[in-house]
Structure formats: structure tokens, C-alpha cells
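Structure assessment
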Amino acid sequence: MSLVVQKFGGTSVADPEKIKNVARKAIRAQQAGNRVVVVVSAMGHTTDVLVDLARQVSDRPHAREMDMLLSTGEQVSVALLAMAIQAMGSKAVSLTGAQIGIRTDSTHTKARIKSISTERMRRLLDEGNIVIAAGFQGIDENLNITTLGRGGSDTTAVALAAVLGADACEIYTDVDGVYTTDPRELPEARPVKRISYDEMLELASLGAGVMHNRSIEFAKKFSVPIHVRSSFTDQSGTMIVAEPETSERAVCGAALTKSEAQVTIHGLPDRPGASLAVFSAIAEHRVTVDMIVQNVGEQGKADVSFTVPHDELGVTLESVAKVAGELGATGFSHDDNVAKVSVVGLGMAKRTGVADQMFRALAKAGVNIEMITTSEIKISVLVGRDDAQKALRAVHQEFHLEETPTTVGAADATIGTAEPDAVEIVRRLQSMEELTIDDVSLDESQARVTIAGVPDVPGVAADVFEEIAAAKIFVDMIVQSFGREGRATLSFTVPQKSLAAATTIADQLARKYECRSVTSSPCVAKLSVSGVGLRSHTEVAIRMFETLAESGINVEMINTSEVRVNVVVEGQHGAVGLAALQKAFAQFRR
Ligand code: ADP
Ligand code: ASP
Ligand code: MG
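Read on for an overview of the structure. Sequence order sets the numbering: in each chain, residues are counted from 1 along the sequence as written. Think of it this way: whatever chain is written first is A, whatever ligand is written first is 1, and the rest follow in order. In keeping with the predicted nature of the model, local features appear solely for residues at pLDDT of at least 70, side-chain atom pairs appear and are counted solely at 80 or more, and the whole-chain, interface and lining totals rest on all residues. Hydrogens are left out, water is left out, and the side-chain values use all remaining heavy atoms of the structure.

A word on the overall build of the chain. Within the chain, the regular secondary structure consists of 17 helices and 26 strands. The C-alpha atoms of the chain give a radius of gyration of 24 Å, which matches the 25 Å a tight globule of 590 residues would have. In terms of overall dimensions, the chain has a C-alpha envelope of 80 × 50 × 50 Å along the principal axes. Working definition: with a 1.4 Å probe on protein chains only, accessible area under 20% of the residue-type maximum means buried, over 50% means exposed, and in between means partly exposed. Counting the 590 residues in the chain, one finds 59% classified as buried. In the chain, the proportion of contacts linking residues at least 24 apart, taken out of those at least 6 apart, comes to 79%. Per element, the accessible surface of the chain, about 22,600 Å² overall, is 50% carbon and sulfur. A run of H or I in DSSP counts as a helix once it spans at least four residues, and a run of E counts as a strand once it spans at least two, with each numbered from the N terminus. In this description the radius of gyration comes from C-alpha coordinates, and the expected globular size is given by 2.2 Å times residues to the power 0.38. Contacts between residues were defined by any pair of non-hydrogen atoms, one from each residue, lying within 4.5 Å. In these tables, accessible area is a Shrake-Rupley quantity obtained with a 1.4 Å probe, and a residue counts as shielded only by the protein chains included in the view.

Spelled out as C-alpha cells, the structure:
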């Protein structure tokens, strides 16, 4: 008999009528011959209300008590849903995270799942019950209640689908699928039929709130196909699977986040271990750092910029003040009035000219780019908060995201994972959210160009990368750090054979824009660590910096994404760096 996991978000259980609607959907699935597990979130905005209550009694509520409080929301929904199903004449049992045996670590408010027991759920299902599981919560080894982070019910659902070997994992929500961007921000956004795990992972991490990003890490790791669909209609929605929607497009979606602030450390001594010191100090407070941009230094000093969630700006600045002083940096600054706009697509990895297209679209819309970071499948820029929506619309239009692609690749969107054998289940249970590294690699084929003192006005990045693209040069990494006194530093890597052409273009533009200098390195080494969930495992970047610092290797450029951390070092250090990283990450290899 097939097994289905259905998850209903807050809006889908916002009132008693909606709960009855969910009850009917669950019963229907059971009557169609499935064993059914339903995961529910707290009703409507309950979690927000609880967060607000906590703030009213304490400025800094303890995380343990926060979890005790927040977990109550889901407990209300599971009980009501079980009652509704029973009232309709079917059998149902509600379970909290603890009752299911969702074991997590003790990182309150953003705990990671360590294991899930399946016995009780299987027994209840065998007895003909619909099992109603509370989303978002678990229990640590000392029986403290934990929560998985806002939006974490998606992760509960996908994790249950993985351990139960479910045939389908359906995420019912208030939109009818995953859109090319948040339809609340841009009404012209289009629901996609299919999206790949890697793309969804990036989009979710870059602000597409429709799915909790950790749920996609699970889905990818355990090959769980996810069906995101509306809880208010019977229409099919979006499949999140291994394959993208089409191969004809470079970009599949865009995302916006306004909840981050930017921090820049100026004049950080450009020597091994400096970035390590900064990010370890911040990581001690478990702050998720994003958009790390380190640029090639001038006169032995480099600038490092990154973004952190607003709420964590305070503790970040405290750490930065301390370490900037210790390291002898010139100073540091922050900007809260920023927004990050990103485009994502597997198709980007194989094409030239995607970045310049995005930069040109922003320039045409009059939007100044304050920071740039790219990875194989995403480009993110930081812009002023007031320009956020205009910028999102400009890139959405530029990549024709509102139009359905003409060739949608053959659908492998069939739901159905094989029933895992007992040994496999045990293996899964032991390492639910552990870090997995797929690859540690070295690319020695590239050269670097750096333009220092680029004026911080719309259109410069567009000019640079348009000319480079016109010369048919494939740009790999682009990094622009946050400007100072109206000037920024822009670095990028190109194939070694294209260096001369790229420098000529850079020189011409540097003259046109009266930039300070153009420097280049004919041979750099790009060292990459790729895997699943690298951003939420901040320690990956830190371990990388640590390993390279121990080998006396200075990091020149950095960029990060959900699936990869890349650093550029001097060419001569490539092989030594690779060997050191392979050793450092051996224990995490798949
Ligand atoms: P639930 O309570 O069901 O988990 P959420 O509010 O967490 O629902 O997620 C659904 C919301 O995510 C949508 O209402 C939409 O505004 C927002 N969203 C953000 N980005 C996207 C996107 N790319 N596609 C669809 N919805 C998105
Ligand atoms: N109720 C929790 C939240 O609002 C979890 C969830 O909805 O997924 O974040
Ligand atoms: Mg959600």
C-alpha cells in the first residue's frame, strides 16, 4: 500500500473550516488506498503572535523557553485536525515531535534533526489511522523541546517522507506552486511545472519563503520528490525533483530578501588566517553569514563584506568590533537599508553573458549595485532597500520569467521512491542532517582581473561584463565588495587564454571611469568544496579558511552558495591547498 505525506501550512489550517477542509483531503487520500501521514503548522499567524508575546515579557527571551512556547502552536493544530477527522468518521491520532521521536541537537530555535523513529507511526498506520504529526518541533537528548527554525514544518514533512520511504510528499500551501518569484512581490510571476533541487535550494536560501531551505537539502539527499500545490484547489502544482524545467533557459527564478544587513570590514590585513578570525568569531554566535565577498587586497589590505540577518546584526557588530581591533583592520561599517536580489538557474553554468544581462537590466532601471557575488548557478546583488522591488521586476522581465518556456524537458516528475530496505533506513536514521561533501576540487585554468576604485554608480558593472561577453570570454567568479567613499573593487576570473583580452577591456574601462588601477594574476587556483547544505553548515567555510591558513595560503577571493564554497588563491598554492582540503573534509565525504 502506498504511503503519502501531506503537509499543510499555517494559512491552510487558519480556522475551523479550513481544518475541516484539510481533514477531508486527508480522508480522501486514505480512501484512495494510501496510508496517510499529515504534518501541520500552527494556525494562521499563531507563531508570529507567540514571538510577539515573548518580546513583550523579555528583551532577550531564552531560546529554550522560546521553543517551549513556539511548539504550542503546532500542538493546537494537530489536536484539532485529529478531532475533525474523527468527527467525519475516520481514525486519526495526533503526535507531537517528541511522541514521534524526532530527535534533534540542542540548538534551540534552529535545531537540526538527528534521527526519527518510525515504529510508532508505522504501528498507528497499520491500525488504519491517519497519523497527524506536529511540524517544526523535536526533542533533544535531555527531553527539551526544540524547534527547527521558522518555516520548519516543511522540513518535518520531507524528513518524515524520507524515513518512511513515502511514495509522495505533498506540500499544500496558499499558492498553487513554486513561482518564478514571490507572487506577492510581482503579480506577473509564473508558477513553474518543475524545478530542480539545486535551484530550489538556492532560491529558498536566497529568500523564496515558499519552502524551508533545509527541507530541500533533505529532499535532495534522500531523493524525495516534492509536490508543492494549493490547499484550496485540486490542481497540480510544482514538482521539485532532480531535473530542471527546461534546458532552454539560463535563469529559472529570482528572489528577494529585505531581511539582511550588510557589514564591511575595511583594510583587513591581507594575510592567511584573517578571514578565518572574522568568521569564526561570528560563528560562535551561530549567526548565519551570507554573501561573503572578499576582494583582492591593495597594499596588503583587503575589504571583506558579508550580510547577516537583521536580528543578528547586533551580536555580529559586537564580534566584528572585537576582532577588527585585534587584527588591526582600518575600521568597519554596516548598512541596514539594503536588499539582496538574486537570480538562479542551472542553465547559467553553461552560458556566457548572464551576469552582464542582469547588470544591464539593473542599470537601465537606474539601480546602483552595491555588492556582487556569483556562483555556478546564482548571481546575487545587494541594492538599496528602496530599489528592491524595481530591481526584482527589472531582472524578472530581463530573463522573460513570466513566459512559459517553449520546450519543457521530458518529465521525470513521477512520484515514487523505492521502499528502502531495513539497513538503508537505519543508515538514514543515524545521519539525518549531517553534512555531506560531494567533492573537493581544484581549477587551475583561470586568471584573475581586479579593477580597484570603480565608481559606485549604475551601469559600470554592466559595461564591464557586456564588453567581456562581447569578446566571448567566459567569466566564472565575479566579486564586488561594498564600496567606500563612492568607489568599489571589482574582481573576476576568466580562462587564462583570455586574460590579455580581458585586461585590455578592463584598462579601457578603467580609463573611461577614472578607476584607481587594474591588476591581474595570470594564474590563480580556484578551490571548491561542494555538497549539501553548506550555508547552514557555516563551519564548512570556516574549516576551509582554517585549513588554508594552516597551510600558509592566503585567500584572495571568496564566494559561497548553498551547494558550494569557492575560494581563489595564488596559482602556485593550488595543489597544496587541494591536498589540505581533501584531508580536512575526508570524514564528510558521501
Ligand atoms: P505555509 O504557511 O503554507 O508554509 P508560507 O507563507 O510559508 O506558507 O509560504 C507560502 C508563501 O511563500 C506564498 O504565499 C508566497 O507569498 C511566498 N513565496 C515566496 N517566494 C515564492 C515563490 N518563488 N513561489 C511561490 N511562493 C513564494
Ligand atoms: N509555525 C512555524 C512558523 O510559522 C513553522 C511553519 O509554519 O513551518 O514558522
Ligand atoms: Mg512555510
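Moving on to the packing of aromatic side chains. Aromatic contacts are taken between Phe, Tyr and Trp rings whose centres are within 6.5 Å, Trp giving its six-membered ring; a plane angle under 30 degrees counts as stacked, one over 60 as edge-to-face, and the others as tilted. Inspection of every chain in the model, using the stated rule, returns seven aromatic pairs. Measuring from ring centre to ring centre gives 5.8 Å for F279 and F545, while their planes differ by 40°; the resulting arrangement is tilted. Taken as a pair, F279 in helix α9 (residues 274-283) and F545 in helix α16 (residues 539-550) lie far apart in primary sequence, 266 residues in all. Each member of the pair, F279 together with F545, is buried. Look at F465 and F492: their rings are 5.1 Å apart centre to centre, the planes differ by 75°, and that puts the pair in the edge-to-face class. Taken as a pair, F465 in helix α14 (residues 460-470) and F492 in strand β23 (residues 487-495) lie far apart in primary sequence, 27 residues in all. Residue F492 is classed as buried on the basis of its relative accessible area, which comes to 0%. Within the aromatic cluster, the residues linked to one another by ring pairs are F279, F306 and F545.

The next thing to look at is the pattern of salt bridges. Whenever a carboxyl oxygen of Asp or Glu lies within 4 Å of a side-chain nitrogen of Lys or Arg, that contact is scored as a salt bridge. Scanning the model with the defined rule gives 26 salt bridges in all. A salt bridge links R229 to E170; the shortest N-O distance between them is 3.1 Å. Placement of the pair is R229 in strand β11 (residues 226-230) and E170 in strand β9 (residues 168-173), with a sequence separation of 59 residues. Here the two residues R229 and E170 agree in accessibility, since each one is buried. We note a salt bridge from R360 to D463, for which the minimum N-O separation is 2.7 Å. With R360 in helix α11 (residues 354-364) and D463 in helix α14, the pair connects residues that are 103 residues apart, well separated along the chain.

What follows covers helix α5 (residues 119-126). For α5, every residue scored as buried is listed here: M121, R122, L124 and L125. Buried residues in α5, looked at end-on, bunch into an arc of 165°, giving them a common side. Residues E119 and D126 are exposed on α5 and point more than 90 degrees away from its buried face. Taken from the residues just after α5, G128 is the one with a positive phi, measuring 90°. Directions from the helix axis toward the C-beta atoms define the arc.

The subject of this paragraph is the site of ligand 2. Whether a residue is near a molecule or strand is decided by its heavy atoms; if any one of them lies within 4 Å of it, the residue is near. Taken together, the residues surrounding ligand 2 are S41, A42, T47, E74, F136, R150, G151, G152 and S153. Within 3.5 Å is the distance limit for a polar contact, defined as a pair of N or O atoms, with the added protein rule that one can donate a hydrogen and the other accept it, and that residues adjacent in sequence qualify only through two side-chain atoms. Separating a nitrogen atom of ligand 2 from a side-chain N or O atom of T47 is a distance of 2.8 Å. For ligand 2, the protein covers 86% of the area, taking 260 Å² as the surface of the free molecule. Residue classes follow a fixed rule: Ala, Val, Leu, Ile, Met, Phe, Trp, Tyr, Cys and Pro count as nonpolar, while Asp, Glu, Lys and Arg count as charged, and any other residue, Gly among them, counts as polar. Each residue belonging to the shell around ligand 2 can be placed in one class, and the counts come to two nonpolar, five polar and two charged.

Our focus in this paragraph is a nonpolar patch on the surface. Candidates for patches are residues over 30% relative accessible area with no salt bridge; among them, like charges are joined within 9 Å and nonpolar side chains (Val, Leu, Ile, Met, Phe, Trp, Tyr) within 5 Å. Together, V76, L80 and M83 make up an exposed nonpolar region whose accessible area comes to about 250 Å². Examined against the element boundaries, V76 turns out to sit in helix α3 (residues 63-87).

With respect to the secondary-structure elements, H573 resides in the loop between β26 (564-570) and α17 (574-585). Overall, H573 belongs to the partly exposed group, its relative accessible area being 22%. Expressed as a C-alpha distance, the spacing of H573 and T560, which sit 13 residues apart in the sequence, is 20 Å.

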